[in-house]
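Here is what each chain is made of, one letter per residue.
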Amino acid sequence: MSTVFENIISGAWAGRFVWADDLCVAFATIEPTSPGHVLVVPRTPYEAWTDAPADVAAHLMTVARTIGLAQKAAFDVPRAGLAIAGFEVPHTHLHVIPLRDETDLALSKAAPASDEELDSTMTALRGALCAAGHTAHVPTDMSSAALA
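Residues numbered from 1 in each chain as written. Predicted model: local features only at pLDDT ≥ 70, side-chain atom pairs only at ≥ 80, totals over all residues. Heavy atoms only, no water.

Within an unreviewed UniProt entry, the label attached to the chain reads HIT family protein, and the organism entered is Schaalia meyeri.

Below, the structure is given as structure tokens:
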């Protein structure tokens, strides 16, 4: 059975992508803790992050850092936070969250965002990633995980 994330990555279910490479993608969560919250997800469905090979885990962290830097620029926040929990979907995912304060890191405060808010924040984040020189990893079509 496919996970929610496999369905999003394949295009069977809708997603708003800000990053795509051979090993992973990053897309908006529909229930952010703060505007601009994204998930970095490996294309291969490892149930827990500790199940991923070391090189994949390191790559996910590198991509999360790149996105965190772009979040700071796009949303004028003092920090970007990182959380790895994985109880809700059995497919490794890193939450990269623009932080205004520590409460933004609380996954329990996640709430549905409107389509307009998700489109606006992901457009801003995609722009910041391009401005930082990562255009090759920003999918041309925000709704697709396809590589350019």
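Peer 1: Is there a simple way to explain the overall build of the chain in this structure?
Peer 2: Looking only at helices and strands, one finds 3 helices and 5 strands in the chain. For the chain, the sequential pattern of α-helices and β-strands runs α-β-β-β-α-β-β-α. Its C-alpha radius of gyration of 14 Å places the chain within 12% of the 15 Å reference for a compact globule of 148 residues. For the chain, the spread of C-alpha atoms along the three principal axes comes to 35 × 35 × 30 Å. Within the span of the chain, comprising 148 residues, buried residues form 45% of the whole. In the chain, of all internal contacts separated by at least 6 residues, the share reaching a separation of at least 24 is 60%. (Helix = DSSP H or I, 4+ residues; strand = E, 2+ residues; numbered from the N terminus. Rg over C-alpha atoms; globule rule 2.2 N^0.38 Å. Buried < 20%, exposed > 50% of the residue type's maximum accessible area, 1.4 Å probe, protein only. Contact = heavy atoms within 4.5 Å.)

Peer 1: Teacher, can you tell me more about the nonpolar core here?
Peer 2: Most often, soluble globular proteins keep nonpolar side chains buried together rather than apart. Judged by nonpolar contacts, the single largest core of 27 residues is most densely connected at Val18, Trp19, Val38, Val40, Ile67, Leu125 and Leu129. Broken down by secondary-structure element, the contributors of at least two residues to this core are strand S1 (17-20), strand S2 (24-28), strand S3 (38-42), helix H2 (54-75), strand S5 (94-99) and helix H3 (115-131). Those residues in contact with Trp19 that lie beyond four places of it in its chain are Cys24, Val25, Ala26, Val63, Thr66, Ile67, Leu129, His134, His137 and Pro139. Listed in part, the 11 residues of the second largest apolar core include Ile8, Ile9, Val25 and Val41. (Core = buried A, V, L, I, M, F, W, Y, C linked by side-chain atoms within 4.5 Å.)

Peer 1: Got a minute to help me understand unusual backbone geometry in this structure?
Peer 2: The bulk of non-glycine residues show a negative phi, and the bulk of peptide bonds are trans. One non-glycine residue, Asp76, lies in positive phi territory at about 50°. Among the structural elements, Asp76 can be located in the loop between H2 and strand S4 (79-83). Judged by relative accessible area, Asp76 falls into the exposed class, the value being 72%.

Peer 1: It is not clear to me how the pairing of S3 should be interpreted in this structure. Could you clarify?
Peer 2: Moving residue by residue along a regular strand, the side chains alternate between the two faces of the sheet. With 5 of 5 residues buried, S3 lies mostly within the body of the structure. Residues Val38, Val40 and Pro42 line one face of S3 and the alternating positions Leu39 and Val41 line the opposite face, and both faces are buried. Pairing between S2 and S3: 5 bridges, direction antiparallel. Along S3, the bridge assignment pairs Val25 with Val41. The sheet contact formed by S3 and S5 spans 3 bridges and is antiparallel. Looking at S5, one finds that Val40 is bridged to Leu94. (Pairing = 2+ DSSP bridges.)

Peer 1: Help me understand the packing of H2 against H3 in this model?
Peer 2: The geometry of a pair of packed helices is captured by two quantities: the angle between their axes and the separation between those axes. Where H2 contacts H3, the axes come no closer than 8 Å and their chain directions differ by 115°. Here H2 is positioned roughly perpendicular relative to H3, judged by the angle of their axes. Relative to H3, the crossing made by H2 is right-handed. Residues Thr66, Ile67, Ala70, Gln71, Ala74 and Phe75 of H2 lie in contact with H3, whose contacting residues are Thr121, Ala124, Leu125, Ala128 and Leu129. Counted by class, the contact of H2 with H3 contains 8 nonpolar, 3 polar and no charged residues. (Axes fitted to C-alpha atoms, helices over the stretch in contact; angles between N-to-C directions. Parallel < 35°, antiparallel > 145°, perpendicular 65-115°, else oblique. Left-handed = near helix turned anticlockwise from the far one by under 90°. Nonpolar A, V, L, I, M, F, W, Y, C, P; charged D, E, K, R; others polar.)

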